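# Overview (structure and organization)
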There are 2 protein chains.
Amino acid sequence: MQASFTVHYGLRCAAGEDPQEKARGIALEQTVELPAACLREDIADTWVGRIQQLQPAADGRWQCSIRYDARLAGGELTQLLNTLFGNISLKSGIRVEGVDWPEELLGAFGGPGHGITGLRRLTEVPEGLPLTCTALKPVGYTARELANLAYRFALGGVDIIKDDHGLADQPSAPFRERLSACQAAVERANRETGGSSRYFPNVTAPVHLLEERLLAARNAGCRGVLISPWLCGLDSLRWARDRSGLALMAHPALTGGQMGGEHGLTPALLLGELFRLAGADASIYPNTGGRFGFSEATCRQINDALRRPLGALLPAAPTPGGGMDARSAPHWIERYGPDTIVLIGGSLYAQGDITAAARGLLQALGRD
Amino acid sequence: MQASFTVHYGLRCAAGEDPQEKARGIALEQTVELPAACLREDIADTWVGRIQQLQPAADGRWQCSIRYDARLAGGELTQLLNTLFGNISLKSGIRVEGVDWPEELLGAFGGPGHGITGLRRLTEVPEGLPLTCTALKPVGYTARELANLAYRFALGGVDIIKDDHGLADQPSAPFRERLSACQAAVERANRETGGSSRYFPNVTAPVHLLEERLLAARNAGCRGVLISPWLCGLDSLRWARDRSGLALMAHPALTGGQMGGEHGLTPALLLGELFRLAGADASIYPNTGGRFGFSEATCRQINDALRRPLGALLPAAPTPGGGMDARSAPHWIERYGPDTIVLIGGSLYAQGDITAAARGLLQALGRD
């Protein structure tokens with residue numbers, strides 16, 4: 001029996017649209033891209049998706065499950081994404097809600113290289129306590145100014161001090177200069193405090209520069225990096241893991257348009273399962289109540305997708321952020337559990353003395 | 001005066017949402033990611049987006065234009081995308097409708113390496129006549145079977161015979177094997193007919209294989225390739241252009257979820273301007289009336305974005321496809337003009353004798 005993966009869809013049929021036909025359309029569109037009448041029997045039997053289930057859901061939509069031959073994905077994340085939502089992204093009323101992964105695909109893509117446990121090891125945060133993260137910003141600051149912020153955050157004990165995802169290679173703080181200044185600043189603070197803060201530079205970059213930035217980060221002594229998989233392509237995560245061995249924190253930039261509605265991928269599938277499958281050790285998402293619009297239920301689904309048992313894949317760390325108030329951090333850890341990274345930016349900056357603000361945050365989280 | 005680019009948005013305000021605040025939110029979110037109160041004056045003056053215009057539109061939405069310092073994009077397509085729709089993709093009711101590009105950015109990204117004129121040159125199709133394109137499929141066929149199709153399409157005179165975008169490196173027809181078989185088949189047909197059909201293999205691939213596939217295609221004698229920029233990352237287009245010199249046909253796989261609604265990018269911006277800017281010589285989109293849902297007005301906007309004067313960028317070829325009937329091709333050329341590539345797949349296959357079907361298509365388009 002050939003390995004297969006089953007994709008679960010929520011379908012919204014337009015007036016006059018037949019759910020059976022819509023499901024059949026997906027099974028053809030995502031595989032052979034030909035009308036059934038043009039297909040040889042062996043191709044139809046082997047390669048066309050098989051509708052396993054199609055039934056009405058409570059909200060007027062239809063639940064549909066289609067099984068695909070695992071060879072369709074060709075062992076490549078680019079083609080896996082294509083199979084999940086390539087051409088049907090151009091249709092409407094199709095939400096990809098989940099995937100039953102066979103061991104073959106999980107093994108081929110491999111998941112996190114470090115996982116939550118690895119992140120704990122490199123930041124020396126014991127089990128049972130949450131990790132903290134903040135962002136260096138704004139764009140426009142010089143490398144020296146950003147390094148100064150990094151130093152002060154590290155003095156305050158923040159575990160992961162990452163570049164803001166909008167810091168690329170702007171002339172105000174070019175990547176190389178920022179990398180060495182910020183890494184040196186965090187190392188200096190660690191020497192002074194005996195702490196283990198880590199600087200994660202943003203390596204999101206054009207194709208020809210991604211490798212250079214990754215290796216520069218590793219050579220500078222960084223233990224992890226930030227990357228935006230939707231800007232670089234999802235496979236950049238897997239490749240960065242394999243090429244650099246660094247811990248990877250994924251940023252959701254550009255993913256939003258494809259999530260959350262009745263057409264697209266669910267946040268749990270995209271920011272949870274797919275990012276984890278591709279190698280994210282931590283996945284940033286906009287927590288409920290911040291500047292963005294996820295519900296708490298959605299956030300919990302992302303957490304679950306990142307941490308639940310999934311073949312031999314390591315659990316990855318949910319990293320809620322996006323305008324969270326520092327004072328609410330203990331509340332969210334209580335709700336989401338300690339295997340979480342609390343990402344707080346603006347709310348620390350707003351307190352003026354960011355070292356004191358960071359210390360306060362750690363204290364509130366039982367980290368002192 | 002520092003170079004800048006202006007982005008035009010259509011905003012849909014939720015109940016109680018203030019348009020001024022929404023616009024201001026975008027200007028901060030896409031730049032400094034800090035509340036205005038946390039910003040030094042020089043940063044606020046230089047780096048935060050400047051609202052140039054904000055006025056109610058006829059449909060209850062708001063038209064908003066924000067000007068950004070061109071240095072924000074850092075000369076990189078990854079960061080340009082981030083600036084256009086990175087974090088705000090996670091909000092709602094924001095449609096990015098257009099960009100006023102400064103020469104600096106157009107020059108930095110460069111656009112098509114061949115353009116329509118270059119595609120005409122390599123297929124020997126004179127000015128004033130449209131080009132034709134078809135796709136090799138279905139997945140599941142062996143390299144030999146696909147090559148046989150390529151041969152028969154080439155005998156019929158189809159100009160560009162591309163892999164279906166779902167053909168990656170599946171075991172049924174591995175990339176290398178398919179590449180040599182299909183390229184040889186098209187060359188053989190060309191020798192027999194004296195024609196100039198071209199085989200464009202699909203090079204969409206994981207990061208570490210993209211270069212290998214591009215160069216393999218070039219070494220095999222191909223003059224162009226197919227690539228899905230949303231699967232590989234937008235910058236893969238620019239990089240493929242610079243690294244290989246091959247003509248690039250872009251496929252819209254995975255773009256759909258972010259287009260066409262009140263939140264996202266417009267099809268003309270994404271499949272037109274951005275793909276062209278990044279280096280696409282041809283951009284495939286789903287024509288109206290086929291399996292997907294674009295209106296004719298949307299298709300015309302894409303055509304315009306690909307062909308209109310834009311700095312020194314070459315015009316790229318609109319490539320309507322997606323379930324078009326061969327019989328309707330002359331109609332669409334009449335409407336879209338001859339600087340168009342007609343992409344017809346299933347409708348040729350459905351005729352059984354694909355060589356005769358292709359000849360019929362060319363005849364109908366005045367290409368005999």
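### With respect to the overall build of chain A
Each helix and strand counted, chain A has 15 helices and 13 strands in total. A compact globule built from 368 residues should have a C-alpha radius of gyration of about 21 Å, and chain A, at 22 Å, falls within 12% of that. Once the C-alpha set of chain A is aligned to its principal axes, its extents read approximately 70 × 40 × 35 Å. In chain A, which comprises 368 residues, the proportion classed as buried is 64%.

### Let's talk about the sheet that holds strand β10 (residues 264-265) of chain B
Residue and element names in this part refer to chain B. On the basis of which strands lie adjacent, the open sheet formed by 5 strands has the order β2-β3-β1-β4-β10 and mixed pairing. The sheet is open, and its two edges are formed by β2 (50-56) and β10, each paired on a single side. When strand β1 (residues 4-11) meets strand β3 (residues 62-69), the two strands line up antiparallel, connected through 8 bridges. For G10, the partnering residue across the bridge sits in β3 and is Q63. Most of the contacts of helix α3 (residues 77-85) go to strand β4 (residues 94-100), to which it runs at about 130°, and overall it touches β1, β4 and β10. Sheet strands in contact with helix α11 (residues 267-278) are β4 and β10, and its direction is about 40° off that of β4.

### Some details on the environment of E41 of chain B
Tracing the sequence through the fold places E41 of chain B in helix α2 (residues 41-46). Sequence separation between E41 of chain B and D368 of chain B is 327 residues, and the spatial gap between their C-alpha atoms is 67 Å.

### Some points on the pattern of salt bridges
Counted under the stated rule, the structure contains 46 salt bridges over all chains. R40 of chain A serves as the salt-bridge partner of E145 of chain B, at 2.8 Å between the closest nitrogen and oxygen. On the criterion of chain membership, the pair formed by E145 of chain B in helix α6 (residues 143-155) and R40 of chain A in the loop between α1 (19-29) and α2 (41-46) is interchain, its members lying in two chains. Exposure remark for E145 of chain B: the relative accessible area of 24% places this residue in the partly exposed category. Residue class for R40 of chain A comes out partly exposed when judged on its relative accessible area of 34%. Put simply, R238 of chain A and D235 of chain A hold a salt bridge, and the shortest N to O gap is 2.6 Å. Residue R238 of chain A and its partner D235 of chain A are located together in helix α10 (residues 235-244), separated by 3 residues, close to a single helical turn. Each member of the pair, R238 of chain A as well as D235 of chain A, is classed as buried. Through salt bridges with shared partners, one network takes in D59, R61, R95 and E97 of chain A.

### Quick word on the environment of D42 of chain B
Residue and element names in this part refer to chain B. Inspection of the secondary structure puts D42 in helix α2. Looking at D42, the relative accessible area reads 41%, which means it is partly exposed. Between the C-alpha atoms of D42 and L361, which are 319 residues apart in sequence, the distance is 62 Å. Within polar-contact distance, the side chain of D42 engages the side chain of R40 at 2.9 Å.

### Re the nonpolar core
In terms of nonpolar packing, the biggest core is built from 222 residues, with Y9, L80 and W101 of chain A together with Y9, L80 and W101 of chain B touching the most fellow members. When neighbours within four sequence positions are excluded, Y9 of chain A is seen to be in contact with I26, W62, Q63, C64, I66, Y68, I88, I94, R95, V96 and E97 of chain A.

### Here's the deal with the packing of aromatic side chains
A complete count under the given rule lists 8 aromatic pairs over all chains for this structure. Centre to centre, the rings of F153 of chain B and Y349 of chain B are 5.4 Å apart; their planes meet at 85°, and the pair counts as edge-to-face. Of this pair, F153 of chain B sits in helix α6 while Y349 of chain B sits in helix α14 (residues 346-349), placing them 196 residues apart in sequence. Exposure class is identical for F153 of chain B and Y349 of chain B. Each is buried. In this structure, R188 of chain A is placed above the aromatic ring of Y151 of chain A, and the distance from its NZ or CZ to the ring centre is 3.9 Å.

### Brief notes about the relation of the copies chain B and chain A
Superposing chain B onto chain A takes a rotation of 180° plus a shift of 0.0 Å along the axis, which leaves an RMSD of 0.0 Å. Those values place the two copies in the arrangement expected of a two-fold rotation axis. Every residue of chain B has its C-alpha some distance from the rotation axis, and the shortest such distance is that of G233 of chain B, at 2.1 Å. Interface overlap between copies is the fraction of interface residues in one copy that are interface residues in the other; for chain B against chain A it reaches 100%, indicating a shared surface.

### Notes on the interface of chain B and chain A
Every contact between the two is made by 71 residues of chain B and, on the other side, 71 residues of chain A. Together, the buried faces of chain B and chain A total about 5900 Å²; carbon and sulfur atoms form 62% of this surface. Linking chain B to chain A there are 4 salt bridges. Where chain B touches chain A, the interface holds 30 residue pairs in polar contact (both at pLDDT 80 or more). Listed by contribution, the elements that provide at least two residues to the side of chain B that touches chain A are α3, α8 (207-219), α9 (229-232), α10 (235-244) and α14 of chain B.

### What to know about the sheet that holds strand β7 (residues 198-200) of chain A
Residues and elements named next belong to chain A. Read across the sheet, 4 strands follow the order β7-β6-β5-β13 without closing on themselves; strand pairing throughout is parallel. The sheet is open, and its two borders are formed by β7 and β13 (341-343), each paired with just one other strand. Ignoring which end each strand starts from, the neighbouring axes of this sheet average 25° apart. Sheet analysis places strand β6 (residues 160-163) next to β7, joined by 3 bridges and oriented parallel. Bridge pairing links I161 to Y199 in β7. Those strands touched by helix α7 (residues 175-193) are β5 (131-136), β6 and β7, and its axis lies near 165° from that of β7.

### Remarks on the state of the cysteines
All names here are of chain A. Following the criterion strictly, the structure yields 0 disulfides over all chains and no others. Looking at C182, it has no disulfide partner, and the nearest cysteine sulfur is the one in C222, 9.0 Å off. The thiol of C299 is not disulfide-bonded; the next cysteine sulfur, from C133, is found 16 Å away. Judged by relative accessible area, C299 falls into the buried class, the value being 0%.

How each quantity is defined
Residues numbered from 1 in each chain as written. Chains lettered and ligands numbered in written order. Predicted model: local features only at pLDDT ≥ 70, side-chain atom pairs only at ≥ 80, totals over all residues. Heavy atoms only, no water. Helix = DSSP H or I, 4+ residues; strand = E, 2+ residues; numbered from the N terminus. Rg over C-alpha atoms; globule rule 2.2 N^0.38 Å. Buried < 20%, exposed > 50% of the residue type's maximum accessible area, 1.4 Å probe, protein only. Pairing = 2+ DSSP bridges. Contact = heavy atoms within 4.5 Å. Axes fitted to C-alpha atoms, helices over the stretch in contact; angles between N-to-C directions. Salt bridge = Lys/Arg side-chain N within 4 Å of Asp/Glu carboxyl O. Polar contact = N/O pair within 3.5 Å; in protein donor to acceptor, adjacent residues only side chain to side chain. Core = buried A, V, L, I, M, F, W, Y, C linked by side-chain atoms within 4.5 Å. Phe/Tyr/Trp six-rings, centres within 6.5 Å; stacked < 30°, edge-to-face > 60°. Lys NZ or Arg CZ within 6 Å of the ring centre and 35° of its normal. Least-squares fit on C-alpha atoms with pLDDT ≥ 70 in both. Buried area = accessible area lost by both parts, 1.4 Å probe. Disulfide = S-S within 2.5 Å.

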